[in-house]
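Close look at the chain arrangement
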Amino acid sequence: MKLNRSIFRFSYLALQRRYVFPKIFLKDINDLEIDVLRSHSIQGVVFDIDQTLSLPNENKINERVLNSFLRIQSAFKVCALSNLELAMSSEAAFSRGLEFERLYNLRVILPKLKKPHPSGFRLARRYLNLKPPHIAFIGDRLLTDTIGANYSRFYSIQVAPLDITADEPTIRIFRRFENLILHTHNFFHPKSSPTEE
Ligand SMILES: [Mg+2]
């Protein structure tokens, strides 16, 4: 019985680690190398929008990351999967999503059940027509993007948010908790860039 309990506890911890931590953590999406993705057999990339590609109040991709986005878009199949800030009305989120589609030819998936629920990841996987291990998910939030991506077996890449002062108050609280988890595992102090798990 004692052995069973130990196996259960070990499995539980292993599963937690597997789901919680990103495969790669980057302070800046501009540090992401196409060759690193290719070396992991990545053929498609799904982007989070808020604080990854754009500030929550912007209707376009932030200038700081635009070149990286275009570089990735030219190398892989891409789409976006966004909760588009929960405070936003569904009409506003829909029109903001359409704006991204129009400007960047980027399919934006706005799932009814928000990340980390697997339904949105399933829609992204079907749109890209790829198997999950060949899809990288790039997002800024541990509890929604990274855990959701890991659970759906995507290759999870977490990036630092573009500007935390633009966060909603509730997201700031969540982010503190997420940062604490990452800090305890030295994700913010990579020995070399990029850090790989
Ligand atoms: Mg985000």
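The residue numbers shown here count from 1 along each chain, following its written sequence. Totals for whole chains, interfaces and linings use every residue, but because this is a predicted model, local features are given only for residues with pLDDT of at least 70 and side-chain atom pairs only at 80 or more, for both listing and counting.

Moving on to the environment of Q43. With respect to the helices and strands, Q43 occurs in the loop between helix 2 (34-39) and strand 2 (44-47). Taking the C-alpha atoms as reference, Q43 lies 8.4 Å from A75; in sequence the two are 32 residues apart. The contact partners of Q43, leaving out residues within four places of it in the chain, are F76, K77, L130 and H134. By definition, any uninterrupted DSSP run of H or I lasting at least four residues is a helix, any uninterrupted run of E lasting at least two residues is a strand, and each is numbered from the N terminus. Two residues qualify as a contact pair if the distance between their C-beta atoms, derived from the backbone, is within 7 Å.

The next subject is unusual backbone geometry. At the junction of K115 and P116, the peptide bond is cis and its omega measures out at 15° in the coordinates. Secondary-structure assignment places P116 in the loop between strand 4 (108-109) and helix 5 (118-128). Notably, N105 is not glycine yet its phi reads approximately 50°, a positive angle. Note on placement: N105 falls in the loop between helix 4 (90-104) and strand 4. Remark: C-beta atoms are placed from the backbone, and a residue is labelled buried if 20 or more other C-beta atoms sit within 10 Å of its own, exposed if 12 or fewer do, or partly exposed between those counts. A residue is classified by how many C-beta atoms lie within 10 Å of it, and N105, with 9 of them, is exposed. In this model, R153 sits at a positive phi of 70°, which is unusual for a non-glycine residue. Secondary-structure assignment places R153 in the loop between helix 6 (142-151) and strand 6 (155-159). The exposure class assigned to R153 is partly exposed, which follows from the 14 C-beta atoms found within 10 Å.

Right, let's get into the pairing of strand 5 (residues 135-139). Most of strand 5 is tucked away: 5 of the 5 residues are buried. A two-sided burial pattern is seen for strand 5, the buried positions comprising I135, F137 and G139 on one face and A136 and I138 on the other. Two strands form a pair only when DSSP identifies at least two bridges running between them. As paired strands, strand 2 and strand 5 are joined by 4 bridges and run parallel to one another. What sits directly across from V45, in strand 5, is A136. Here strand 5 pairs with strand 6 via 4 bridges, running parallel. Bridge assignment links G139 to a residue of strand 6, and that residue is Q158. Handedness of a crossover: with both strands directed away from the viewer, a clockwise path from the first strand across the helix to the second marks it as right-handed. Where the polypeptide runs from strand 5 across helix 6 and back to strand 6, its parallel neighbour, the crossover connection is right-handed.

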